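Geometric and topological summary
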Amino acid sequence: MTLLSFVVPAYLVQGYLRECLDSILEQPYGDLEVIGIDDASPDGSGEILLEYADRDPRVRPVRLTENAGLGPARNIGLDRAVGEYVWFVDGDDWLVPGCLPHVADRLVATHPDVLIVDHVRAHWNNTGTRSAMRDVFPEPVGEETFRLRDRPEAVRLLHTAWNRVLRREFLLDRGLRFEPGWYEDVSFSYPALMAADRIGVLDRVCLNYRQRRTGAITRTRGDRHFEVFAQWHRVFRLMDRWGPAVAPLRPAVFERMIWHYLTVLGNGERIAAELRPAFFTQIHADHVRFRPPEGYPVPAGVEGLKHRLVAAGRWRTFSGLRDANQVAETAVRVARRARRRALPKARRAARRARDAALREYYRAELHRPLDPSLAVYAAYWYRGYSCNPAAIYAAARRLAPQVRGVWIVRRDRVASLPPGVEYVVAGSPDYYRVLARARWLVNNVNFPDFVRKRPGSVHLQTHHGTPVKVMGLDQQRYPVGAMGMNFTKLLHRVDRWDYSVSANSFSTQMWERAYPAGYTSLEVGYPRNDRLALATPQECRQVRAELGLGPDEYVVLYAPTHREHLPGWRPPFDPDRMLDALGPSGRLLMRSHYFHDRDRRPRGPAAAGGVLDVSGHDSVEDLYLAADVLVTDYSSAMFDYAVLDRPIVVYAPDWDAYRVARGVYFDLLAEPPGAVALDFPALLDVFRSGTVRGPAAERARDRFRARFCALDDGHAAERVVRRVFLGELA
């Protein structure tokens, strides 16, 4: 018999589900199954479950045709489980590496009905909050098992399903199921503890409980939070049915109920102000209805005062106490802000002298009406006309000529603009004016922090590549590669987005995880790849001729990415030896990452023998069209170049170090777009041996293209323009 069945419901968790599944399947313990429940999720969660099932037989996907909700979805997983124990893990949480052998050892050694494991709250800002485990059990329980009536303090541990592993036959014998509705854990977890003959506690952190910035019910306002009352009513009805066997537990369970109600009421992100009096009234009614005749342990201090006010039904006093606490907390925050603002006078004066005039002009322009026809474009921190914004600009000129497009560029990049493109220079008065008054703001990176999101304006984030390396909030776990990043300011910028362009479902999932906010994802393909998808052989020949490349030459483009954790480091690469491997017709194009010294390079290609330095060439799409083969490492260039269906070689001499220091979203060596080389001699051999075009490389490229390039059909920019500028929904 399988020891462990993981039941993983999935609904709108596509940005987190891969991490959840990987955390289970990559544990150093294999006697498990994963039952993934696609709860009719409208995002890509179901496709992710099918993808994992295709490559790991331990994953058993279940597709529901209608949304059932978390509780019923868990029941469906329980019905299909075959393991001796069941662990309900939510699709946005993840296991701690290496925890599973310890869990398995404890299960085998003690045979509990319920094994409670420790957890941490993993906040979106990369901070963690420990659980109440140490407070409830100051001395570790060890391998002892107990009944709840012998250790009633166990009810003070968080009442969720995911922090406990349950014996499947125990659940079936007792008829324990999840009820529908919100707060479904309440009417399952407490009865399970009361019914168990053997409860164990593993004092080891095994699960990261993700505290999402958006999307969680704990951060969603509405009247559905009143469903918590029905869940607690089920608990007490069950206790009435079980009678004397659980009667001694009633005071402890009652205290937990009032604590839980007050926790929900006290969370301003759940209960709106207009609903708070009615919620309090229901708490008072349940206090009167379910209070044990012998009383219960009322907490000390302010918490105890809240309980007494609930018992008396004194809403106004309760509300006044809360308001007083908020006033005190506000005073503390104001004092902290004042201290932070106490910068040296000279520094403040210099800042005012430098910025005051133009910022005042910007603020004044914010009071003027939006220009209903103005769209502002930018790319790569104002480096010029390129990437997805350029493709969208061109499509908008064709499909929405009533929209006036203006580009923001640095002064030293003005000459790179195509003829006829209207522009403003970054930092000029015109720059501040268009930023303040544009209806549409389009960028492949973020606009500066001072830019305000005005009502009626539309911010379109196009991004500039399918991510291999981790991005956004995920970089918090890789601090070496995130030096100097201010994640609070990053989220302020992300909150301005109305739309996020995505090239494929994988990117959509990663963007939602890395940049949690309320934007709409436009999964339409990458506009900048339209040119590649529609390129003709004649255009390719013309581009090669413009670069001085002959029609019969064998052209390889080498385009490595930037290493944030190793500034200035370059992969070992000898152009002369590479040319020898390519043969007499070989030509080598070398392009540095734009973070390096590309802006200082000449605009045309610099040639040295058979090597051309094309770092300063404005259009990377030209280089793709000219090249017969792309050699890269962890750059998003591979996803773009794959649109052309030409050979790609992954040259990754520092793969192990890179994935540890910088972090990656998928195993590039397991799912490459072609041949792979882990050192320079192996790279030379890829070309000398013909592996670059071998059957294995061709199959790998086919799989890669099917996964990442299916939407790049030449019409991505049109789809963006029709949705964002013309308001067409289909």
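It should be noted that the structure appears before, not after, this text.
Residues numbered from 1 in each chain as written. Predicted model: local features only at pLDDT ≥ 70, side-chain atom pairs only at ≥ 80, totals over all residues. Heavy atoms only, no water.

Turning next to the side chain of R544. Within the secondary structure, R544 is located in helix α19 (residues 537–546). Among the polar contacts listed, one links the side chain of R544 to the backbone oxygen of A626, at a separation of 2.8 Å. Setting aside residues up to four positions removed in sequence, R544 forms contacts with L549, G550, P551, E553, V555, A626 and D628. (Helix = DSSP H or I, 4+ residues; strand = E, 2+ residues; numbered from the N terminus. Polar contact = N/O pair within 3.5 Å; in protein donor to acceptor, adjacent residues only side chain to side chain. Contact = heavy atoms within 4.5 Å.)

As a general feature of sheets, a regular strand has side chains that alternate between the two faces. Here strand β14 (residues 458–461) shows no split at all, with V458 and L460 on one side and H459 and Q461 on the other all buried. Pairing geometry for strand β13 (residues 438–443) and β14, over 4 bridges, is parallel. Its bridge partner being in β14, V442 is matched across the sheet by L460. Where β14 and strand β15 (residues 499–502) come together, 2 bridges link them in parallel fashion. Looking at β15, one finds that L460 is bridged to Y499. (Buried < 20%, exposed > 50% of the residue type's maximum accessible area, 1.4 Å probe, protein only. Pairing = 2+ DSSP bridges.)

Take the pattern of salt bridges next. Throughout the structure, instances matching the rule amount to 48 salt bridges. A salt bridge links R722 to E718, with the nearest nitrogen and oxygen atoms 3.0 Å apart. You can see R722 and its partner E718 sitting in helix α26 (residues 716–724), 4 residues apart, about one turn around the helix. What makes E718 partly exposed here is its relative accessible area of 23%. Taken together, the shared-partner salt bridges in this structure form one network comprising R18, E51, R55, E671 and R707. (Salt bridge = Lys/Arg side-chain N within 4 Å of Asp/Glu carboxyl O.)

Another aspect to go through is the sheet that holds strand β11 (residues 404–409). Read across the open sheet, the 7 strands follow the order β12-β11-β10-β13-β14-β15-β16; overall the sheet is parallel. Looking along the sheet, the strands with just one partner apiece sit at the ends: β12 (423–425) and β16 (520–523). Each neighbouring strand pair of the sheet contributes to a mean axis angle of 25 degrees, computed without reference to strand direction. For β15 and β16, the ladder comprises 4 bridges, and the chain directions are parallel. If you follow V501 over to β16, its bridge partner there is L522. Sheet strands touched by helix α15 (residues 429–437): β10 (371–378), β11, β12 and β13. Its angle to β13, the strand with the most contacts, is close to 105 degrees. (Axes fitted to C-alpha atoms, helices over the stretch in contact; angles between N-to-C directions.)

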